[in-house]
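Here is what each chain is made of, one letter per residue.
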Amino acid sequence: VLEFHAAFVAYLTASEQGDLPGADDALRRCDEDPGDVGQPLLRWRTAYLHEHRAFIDGRLEDAERSALEALRFGEIAGQPDAPGSCRAAARRRWS
């Protein structure tokens, strides 16, 4: 779990600095950990990062797909702010 959170922060830092190769590497590390642990919260956060990364690239259909996945995992994890953090999914679901 600690490795996941380190990779999560590394992704956010790299993407904010425009280091997309670094962000992609951190995202790959995030992808490895949630399946091993089986925690919906980690799966929610990973799907959110995929939404974010797809949005950066302008892959809006992928961003929406990841947002819907993030929303699903967020709801499973009982996260009350899941709809707000999953922009595309929330917009589609309540419009």
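Please refer to the structure higher up on the page.
Okay, so let's go over this structure. Here the structure is a predicted model, which is why all the values come from computation and not from measurement. One numbering rule holds for all chains: residues counted from 1, following each sequence as written. Per-residue local features are limited, in this predicted model, to residues with pLDDT of at least 70; the limit for side-chain atom pairs, both in listing and counting, is 80 or more; totals at the level of whole chains, interfaces and linings are taken over all residues. With hydrogens and water set aside, each side-chain value is computed from the structure's full complement of heavy atoms.

## Here we look at the packing of helix H3 (residues 40-57) against helix H4 (residues 60-76)
Here the axes come from fitting lines to C-alpha atoms, over the contacting stretch only for helices, and the angles between their N-to-C directions go from 0 to 180 degrees. Runs of H or I in DSSP of at least four residues are treated as helices and runs of E of at least two as strands, each being numbered from the N terminus. Their axes nearest at 8 Å, the elements H3 and H4 cross at an angle of 165°. For the element pair H3 / H4, the angle class is roughly antiparallel. Taken as a pair, H3 and H4 cross one another with a handedness that is left-handed. In this structure, H3 uses Pro40, Arg43, Trp44, Ala47, Tyr48, His50, Glu51, Ala54 and Phe55 to contact H4, whose residues at the interface are Leu60, Asp62, Ala63, Ser66, Ala67, Glu69, Ala70, Phe73, Gly74 and Ile76. Orientation is classified from the angle alone, with under 35 degrees giving roughly parallel, over 145 giving roughly antiparallel, 65 to 115 giving roughly perpendicular, and any other angle giving oblique. Helix crossings fall into two classes, left-handed where the near helix is turned counterclockwise from the far one by less than a right angle and right-handed where it is turned clockwise. Any two residues whose heavy atoms approach within 4.5 Å at even a single point are treated as in contact.

## So, the side chain of serine 15
Within the secondary structure, serine 15 sits in helix H1 (residues 2-16). Accessible area is worked out with a 1.4 Å probe on protein chains only. A residue is then buried under 20% of its type maximum, exposed over 50%, and partly exposed in between. With a relative accessible area of 12%, serine 15 lands in the buried category. When sequence neighbours within four positions are dropped, the list of residues in contact with serine 15 reads Ala23, His52 and Ile56.

## Considering the packing of H1 against H3
Look at H1 against H3: their axes get within 11 Å of each other, and the N-to-C directions meet at 20°. Our classification of the angle between H1 and H3 gives roughly parallel. Helix-helix and strand crossings are classified by hand; for H1 and H3 the assignment is left-handed. Mapping the contact onto sequence places Phe4, His5, Phe8, Tyr11, Leu12 and Ser15 in H1 and Leu42, Arg45, Thr46, Leu49, His52, Arg53 and Ile56 in H3.

## Topic: the packing of aromatic side chains
Two rings from Phe, Tyr or Trp (for Trp, the six-membered ring) form a pair when their centres sit within 6.5 Å of each other. Planes less than 30 degrees apart are called stacked, planes more than 60 degrees apart edge-to-face, and all others tilted. Here the structure, examined in full by the defined rule, presents one aromatic pair. Arginine 45 extends its terminal NZ or CZ atom over the ring of phenylalanine 8, reaching a point 3.7 Å from the ring centre. Charge-over-ring placement is defined geometrically: NZ (Lys) or CZ (Arg) within 6 Å of the ring centre, and within 35 degrees of the ring normal. Over the aromatic face of phenylalanine 73 sits the side chain of arginine 72, whose NZ or CZ is 4.5 Å from the ring centroid.

## A short note on the pattern of salt bridges
Here, a salt bridge means any Lys or Arg side-chain nitrogen found within 4 Å of an Asp or Glu carboxyl oxygen. Under the counting rule described, the total for this entry stands at six salt bridges. A salt bridge links arginine 53 to aspartate 24, with the shortest nitrogen-to-oxygen separation between them at 2.6 Å. Pair noted here: arginine 53 is in helix H3 and aspartate 24 is in helix H2 (residues 20-37), with a separation of 29 residues, a long-range link. Residue arginine 53 is classed as buried on the basis of its relative accessible area, which comes to 8%. Overall, aspartate 24 belongs to the partly exposed group, its relative accessible area being 24%. Here aspartate 57 makes a salt bridge to arginine 53, at a shortest N to O gap of 2.6 Å. Residue aspartate 57 and its partner arginine 53 are located together in helix H3, separated by four residues, close to a single helical turn.

## Comments concerning the nonpolar core
Residues grouped as a nonpolar core are buried Ala, Val, Leu, Ile, Met, Phe, Trp, Tyr and Cys residues, joined through side-chain atoms within 4.5 Å. Judged by nonpolar contacts, Phe4, Ala7, Phe8, Tyr11, Ala14, Ala23, Ala26, Leu27, Cys30, Leu42 and Leu49 together constitute the single largest core of eleven residues. For this core, the elements supplying multiple residues, two or more each, are H1, H2 and H3. When sequence neighbours within four positions are dropped, the list of residues in contact with cysteine 30 reads Phe4, Ala7, Phe8, Thr46 and Leu49. Grouped together as the second largest cluster of nonpolar side chains are six residues, Trp44, Ala47, Phe73 and Ala82 included.

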